[in-house]
Amino acid sequence: RPPAMPSVQDWINTPLGVVDGIFAQNSSSPEWEKKVVEYFKEKLKVNDAQSWVPSLNDVPLHYLKPNSLVKFRCMIQDMFDPEFFMGVYETVDPSTNSKVLRCGKYKDVTDCGQVDFNSRNAVTSERQTFYCVPIPGESQWVKEISFHWITFNLYACSSQARVVPSTSYTPNRHKRSYEEDDEMDTQPQQEKDLNSGPQNEDTHRNADSKRLETEAPSQNTSSSHCSSNLDLNFPLPGEQGPACMVKVYEEWDGFKLNDMLEVFGILSVDPALSLVADDKEASSLLDPTESMETLEEQRAHSPPTSLVPRIHMLYAQPLQHNNPLLPSSVSEDKGGCLSGLLSELTSVRAELLTYFTHMFLGDSLAAEYFILHLISSVYARRDVLPLGKFTLNVSGCPHSSPYTDQLYQIIQQLVPSSYRICMSLHNMNNQRMVPRKDYTANRLVSGTLQLASNTSLFLDETQLEQGQLDTTGVRNITALGNLISWQKVDYDFNYHQMEFPCNINVLIVSEGRSLLPCDCQVHLRPTLSPPNLEEYLKTVQLAQVPSQLNKYRVYLTVARSLDYNISDQLTKAVEEDFVDMRKDDPQSVSAEDLHRMLIVARLLSLSYGQTSLSRENWIKAKQMEMMRINRTQQQKCVNGNEP
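Reading guide: rules and limits
Residues numbered from 1 in each chain as written. Predicted model: local features only at pLDDT ≥ 70, side-chain atom pairs only at ≥ 80, totals over all residues. Heavy atoms only, no water. Helix = DSSP H or I, 4+ residues; strand = E, 2+ residues; numbered from the N terminus. Buried < 20%, exposed > 50% of the residue type's maximum accessible area, 1.4 Å probe, protein only. Areas by Shrake-Rupley, 256 points an atom, 1.4 Å probe, with all protein chains shown as cover. Phe/Tyr/Trp six-rings, centres within 6.5 Å; stacked < 30°, edge-to-face > 60°. Lys NZ or Arg CZ within 6 Å of the ring centre and 35° of its normal. Core = buried A, V, L, I, M, F, W, Y, C linked by side-chain atoms within 4.5 Å. Contact = heavy atoms within 4.5 Å. Axes fitted to C-alpha atoms, helices over the stretch in contact; angles between N-to-C directions. Parallel < 35°, antiparallel > 145°, perpendicular 65-115°, else oblique. Nonpolar A, V, L, I, M, F, W, Y, C, P; charged D, E, K, R; others polar. Left-handed = near helix turned anticlockwise from the far one by under 90°. Pairing = 2+ DSSP bridges. Patch = residues over 30% accessible without salt bridge, like charges linked within 9 Å, V, L, I, M, F, W, Y side chains within 5 Å. Salt bridge = Lys/Arg side-chain N within 4 Å of Asp/Glu carboxyl O.

1. With respect to the overall build of the chain
So, point 1. A tally of helices and strands in the chain yields 21 helices and 19 strands.
So, point 2. Evaluated residue by residue, the chain yields a buried proportion of 55% over its 643 residues.
So, point 3. Of the accessible surface of the chain, which amounts to about 29100 Å², a share of 51% is contributed by carbon and sulfur atoms.

Shown next as structure tokens:
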């Protein structure tokens, strides 16, 4: 058994000590690596242990202790080629000539002593590197709630929680870099042999550690400033937060590009890992394999640790969503999530419907469809057809008003991740939406459509004006159309395109019918006409207190995650209804109309927390669809030129 650890401090503050202890006791057994992972998994299961671990999303990097346990809520933006490292190595004490077997896993540089590179006991292992970024478009309320949780647990709960001294910061604390602390170490720098064999694709050197001391960004440094010399490759413009290179040791085939994860691992910020272009000639002498890499690839794969820290993964928790008010995997605890909601589920839905009705200026039908849109999600794929998507086009939106701004703010208040694209001619012709492979730097250059699952994408067509789309504009419109129709984005690999499936909720707001495809169009029919629209909308928003907004946030995430089925009895009733509807006029209801009615009925049921279709919800779904279609046809008569 692994040695019993007396306090939280050991496994959070000095996890490498725990790893080395388990290795020392079990090095002869191939099972020691599994024991390390199991040890940390068990520790993280206890009570609120996960919330004791400092988060790179919430705590500035320069306040975190090197080689401590950290967590990072992120999305996999790119996957680099596997690299080799010394999994087990032997050190020699020059004075006594004694040899000690050491563990090289979860480290970038060796601990001490001279490494015997010719030792027969040395083991070369392989690991994968993921380039991870904060979840694109993550809402401010998600960040604030997550930050409050970690602040509460680290600084208020217990003395044991204050295990990482460098996280106990205040805004006025004088910043001190890791490297200054390292200089006080009595161990000579020359003894820090690099923890890599000649096969390692990354180059690790110490030459520029002094220069890198000045590169650690302060808390208020914007990402645009940070990335002036280094492109952090965030998919969305204006994003802030650290990017990380996550070293993965086990089962990396189980991860996919764009997966959302919460990574628990050991923080590595040794300046020796950073590659500086000025030293290319000298470093090539240190590592002959480096000359095979381009300068751009070296920059992309060995950025300064002060901007892109490394995390050696011990454990990663896949995230079905990034709503901090709920467990990361709602499906595992649907009963628990619903038990507190069931008693008030109908009332929460009614309150949300009232809120949306006000936002849609008294249009309750648009509000109903908006709820259905927000809880929609791709639950399966039949061949190439994604099932469950529900792209909504709200037409009839005023053009020269703050209306669409306010509507997007509402969405930001309620969903964990979102992004707004103003479809002006300039944006369409200049924005890079589709990710592309850069073969020179050997990395995937991100685009605005590289988004995590269940992100809300808000397309504002009210910004459209007359003009000519260029090649980029046409490509972007095509990419948006494919995303809506097939829930996929074709990444550009120069010589070919590669399909990446996605699950993005697309809302299109427009004056007339959208030029993009959609699953459902609702034309806005306001019953209210406030004298000052902006003031009215802001008042409606401010009337929602935080506790009420949290109810809405939980409701939307839970409703989206529910399973659903239709009984054989109701399937037969639906078929009979379809036949009856077509009796008088076969052209009045098509198979496509029936398909849409079934989607509306499914989402309507889920919006009430019901996991199977009832006769009442089927009737209501039919009524909603008839009202919507009639309204659309009336609008066509008013605007004869509208398609």
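So, next bit.
2. Things to note about the packing of aromatic side chains
So, point 1. Scanning the model with the defined rule gives 15 aromatic pairs in all.
So, point 2. Taking the centre distance of 5.3 Å and the plane angle of 85° together, the rings of Phe85 and Tyr249 count as edge-to-face. With Phe85 in strand β2 (residues 83-92) and Tyr249 in the loop between β6 (244-248) and β7 (260-268), the pair connects residues that are 164 residues apart, well separated along the chain.
So, point 3. Phe85 sits in the buried class, given a relative accessible area of 2%.
So, point 4. Its relative accessible area of 8% is what places Tyr249 among the buried residues.
So, point 5. Through pairs of rings, three or more aromatic residues link up here, namely Tyr355, Phe356, Phe360, Phe370 and Tyr552.
So, point 6. It is Arg349 that lies over the ring of Tyr608; its NZ or CZ is 4.1 Å from the centre.
So, point 7. The ring of Trp141 is capped by Arg553, whose NZ or CZ atom sits 4.2 Å from the centre of that ring.

3. Here's the deal with the nonpolar core
So, point 1. Membership of the largest hydrophobic core comes to 67 residues, with the highest contact counts inside it found for Leu352, Phe356, Phe360, Tyr369 and Tyr403.
So, point 2. Leaving out residues up to four positions away in the same chain, Tyr369 has contacts with Phe390, Leu392, Cys520, Val522, Val600, Met624, Glu625 and Arg628.
So, point 3. In this structure, Phe72, Leu449, Leu451 and Ile484 belong to the second largest nonpolar core, which totals 50 residues.

4. Let's talk about the packing of helix α13 (residues 364-374) against helix α20 (residues 591-607)
Any two packed helices are characterised by the angle at which their axes cross and by the distance between the axes.
So, point 1. The interhelical angle for the contact between α13 and α20, taken along N-to-C directions, is 85°, at an axis separation of 9 Å. It follows that α13 is roughly perpendicular to α20 by the angle criterion. Facing Glu368, Tyr369, Ile371 and Leu372 of α13, the residues of α20 in contact are Val600, Leu603, Leu604 and Ser607.
So, point 2. Of the residues contributing to the contact of α13 with α20, the split by class is six nonpolar, one polar and one charged.

5. A few points about unusual backbone geometry
So, point 1. One non-glycine residue, Tyr106, lies in the positive phi region at around 65°.
So, point 2. On the secondary structure map, Tyr106 appears in the loop between β3 (99-103) and β4 (114-115).
So, point 3. Look at Leu361: it is not a glycine, yet its phi comes out positive at around 55°.
So, point 4. Examined against the element boundaries, Leu361 turns out to sit in the loop between α12 (345-359) and α13.

6. Here we look at the packing of α12 against helix α17 (residues 533-542)
So, point 1. Contact pair α12 / α17: the axes reach a minimum separation of 10 Å and the direction vectors enclose 165°. Taken as axis vectors, α12 and α17 run roughly antiparallel relative to one another. You can see that α12 and α17 cross each other, and the crossing is left-handed. Contacts from Tyr355, His358 and Met359 of α12 reach α17 at Tyr536, Leu537, Val540 and Gln541.

7. Observations regarding the pairing of strand β19 (residues 520-523)
Two faces make up the sheet, and in a regular strand the side chains alternate between them.
So, point 1. Side chains Cys520 and Val522 project from β19 onto one buried face, and the interleaved Gln521 and His523 project onto a second face that is buried too.
So, point 2. Note: strand β11 (residues 392-395) against β19, four bridges, orientation parallel. By the bridge assignment, Asn393 is partnered in β19 with Gln521.

8. Digging into a nonpolar patch on the surface
So, point 1. Taken together, Val384, Leu385 and Trp486 make up a surface patch of nonpolar side chains, about 280 Å² in accessible area.
So, point 2. Structurally, Val384 is set in the loop between β9 (380-382) and β10 (385-387).

9. Side note on the sheet that holds β11
So, point 1. The strand order across the open sheet formed by five strands is β12-β15-β18-β11-β19, and the pairing between neighbours is parallel. On the outer flanks of this sheet lie β12 (418-422) and β19, each paired with one strand and no other. The average angle at which neighbouring strand axes cross in this sheet is 20°, direction not considered.
So, point 2. Direction of pairing for β12 relative to strand β15 (residues 456-460): parallel, over a ladder of five bridges. Note that in β15 the partner of Arg420 across the bridge is Phe458.
So, point 3. Strand contacts of α13: β11, β18 (505-509) and β19, with the helix running at about 150° to β18, the strand carrying the most contacts.
So, point 4. On top of the sheet, helix α16 (residues 471-486) reaches β15 and β18; it is set at about 135° to β15, its chief contact.

10. Remarks on the pattern of salt bridges
Pairing of side chains with opposite charge becomes possible as their charged atoms draw close.
So, point 1. The final tally for this structure, using the stated rule, is 27 salt bridges.
So, point 2. For Glu592, the salt bridge identified is with Arg596, shortest N-O distance 3.7 Å. Separated by four residues within a single helix, Glu592 and Arg596 lie in helix α20, roughly one turn from each other.
So, point 3. Glu592 sits in the exposed class, given a relative accessible area of 57%.

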